[in-house]
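The lines below spell out each chain.
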Amino acid sequence: MKSLAELEEIRKKTLDQINLRTNNQDVRVVVGMATCGIAAGARPVMNAFVEELSKRNLSNVAVTMTGCIGICKLEPVVEVIDKDGSKVTYVKMTPEKVARVVAEHIVNGRVCAEYTIAEAEK
Amino acid sequence: MRDLSLHLMDMIQNSITAKATRISILICADRESDLLEMEVKDNGIGMESDFLKNVVNPFTTTRDTRRVGLGIPLLEASANRASGELKITSEKFVGTTVKASFKISHIDRIPLGDLAQTMEGIIIARPDIEYDLTLDNKKERFNFNSSDIKRRLGEVPITNFEVIKWIGEYLNDGVKTIFGGILDEILS
Ligand SMILES: Nc1ncnc2c1ncn2[C@@H]1O[C@H](COP(=O)(O)OP(=O)(O)OP(=O)(O)O)[C@@H](O)[C@H]1O
Ligand code: FES
Ligand SMILES: [Mg+2]
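Note that the structure is predicted; figures quoted are calculated from it, not measured.

Colleague: Would you mind going over the sheet that holds strand β2 (residues 61–66) of chain A with me for this structure?
Modeller: Neighbouring strands of a sheet are bound in pairs by backbone hydrogen bonds; such pairs are parallel or else antiparallel. Residues and elements named next belong to chain A. Read across the sheet, four strands follow the order β2-β1-β3-β4 without closing on themselves; strand pairing throughout is mixed. The outermost strands of the open sheet, each flanked by one partner alone, are β2 and β4 (87–90). When strand polarity is set aside, the average angle formed by the axes of neighbouring strands in this sheet is 20°. Each of β1 (27–32), β2 and β3 (78–81) is contacted by helix α3 (residues 42–55), which is oriented at about 170° to β2, the strand it contacts most.

Colleague: I'm lost on the site of ligand 1 in this one. Help?
Modeller: In the vicinity of ligand 1 lie 18 residues, with Thr35 of chain A together with Asn14, Asp42, Leu70 and Ile72 of chain B positioned nearest. More than one chain reaches ligand 1: the nearby residues come from chains A and B. At 2.8 Å, a backbone N or O of leucine 70 of chain B approaches an oxygen atom of ligand 1. Within the backbone of glycine 71 of chain B, a nitrogen or oxygen atom sits 3.1 Å from an oxygen atom of ligand 1.

Colleague: So what exactly am I meant to see when it comes to the pattern of salt bridges here?
Modeller: A side chain with one charge may pair with a side chain of the opposite charge, provided their charged atoms come close. Under the criterion given, the structure shown has 21 salt bridges over all chains. Among the salt bridges present, the one from glutamate 6 of chain A reaches lysine 2 of chain A, with a minimum N-O distance of 3.4 Å. A salt bridge links arginine 109 of chain B to glutamate 185 of chain B; the nearest nitrogen and oxygen atoms lie 2.9 Å apart. With arginine 109 of chain B in the loop between β4 (95–103) and α4 (115–125) and glutamate 185 of chain B in the segment after α6 (161–179), the pair connects residues that are 76 residues apart, well separated along the chain.

Cut-offs and rules
- Residues numbered from 1 in each chain as written.
- Chains lettered and ligands numbered in written order.
- Predicted model: local features only at pLDDT ≥ 70, side-chain atom pairs only at ≥ 80, totals over all residues.
- Heavy atoms only, no water.
- Pairing = 2+ DSSP bridges.
- Helix = DSSP H or I, 4+ residues; strand = E, 2+ residues; numbered from the N terminus.
- Axes fitted to C-alpha atoms, helices over the stretch in contact; angles between N-to-C directions.
- Contact = heavy atoms within 4.5 Å.
- Near = heavy atom within 4 Å.
- Polar contact = N/O pair within 3.5 Å; in protein donor to acceptor, adjacent residues only side chain to side chain.
- Salt bridge = Lys/Arg side-chain N within 4 Å of Asp/Glu carboxyl O.

Encoded structure:
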């Protein structure tokens, strides 16, 4: 059974790390979470982002969600917004694609062109 | 929608769109009455009663000023298929309560699904909102309150990955304790 005492341990442990690092969140991942997005699998996609970011300890990335993005047939849709405000829209996302977007786009700054909306609409 | 936790995600997204700052969720499974109920209550902007009628029956009312929403009709359909019903009460500028019921033993009753994943997702996405979750089996209760967790965490953000992971595991324990053996998809 998980206990609240464990939470206290996590608190103590992370408090030290937080002081070492600036907690600025400069990249934002926005997952479309309207009904059609959820039905198409947006929740596990969001969860995969959290897991991949957590694995790499990328606390400078904020994962958030929004309602209808307006492109039902391309759901799940994810927007990655970089520090400078530039936005890339990824479509038909899956947890497998998430791993690549995190490794290539978020870590190395190389957009995964083949997953983008521009590619899907060609 | 495949399971209740996905419908919950959908209802919470509605509450967030309605600018709620506090969302209370109650899931109750009572073996005696064979009834599973999920209630989502928010303090968002609410709805006028005329508007509310159109939301629940988007296809029977004539209305073409906006696109028809799917979330609420789908939850109602899931409830109806398991001999349950959907009830919504709402007051403009006060808030909205959505309540869905299901007959537990009905062959078409959707499973609970991954409740922890829904809660982890909304907390990470909107940590500013207060979430209160109660699981109840009419004998025992489990409660989770995000403000309470924040208080315990002090300066550590609730969105911290380790905290989120802990919350997920904590909620899974709660689901097992309260619904194990009552909802047959949850192993006790
Ligand atoms: N909690 C709430 N508070 C205030 N208004 C709500 C709430 N839930 C639903 N509504 C209103 O009812 C409408 C219909 O909701 P519903 O979930 O069926 O569709 P939607 O959210 O508009 O679109 P979709 O769910 O298909 O993404 C919403 O657009 C909103 O105006
Ligand atoms: S209704 Fe499908 S993207 Fe909004
Ligand atoms: Mg909706």
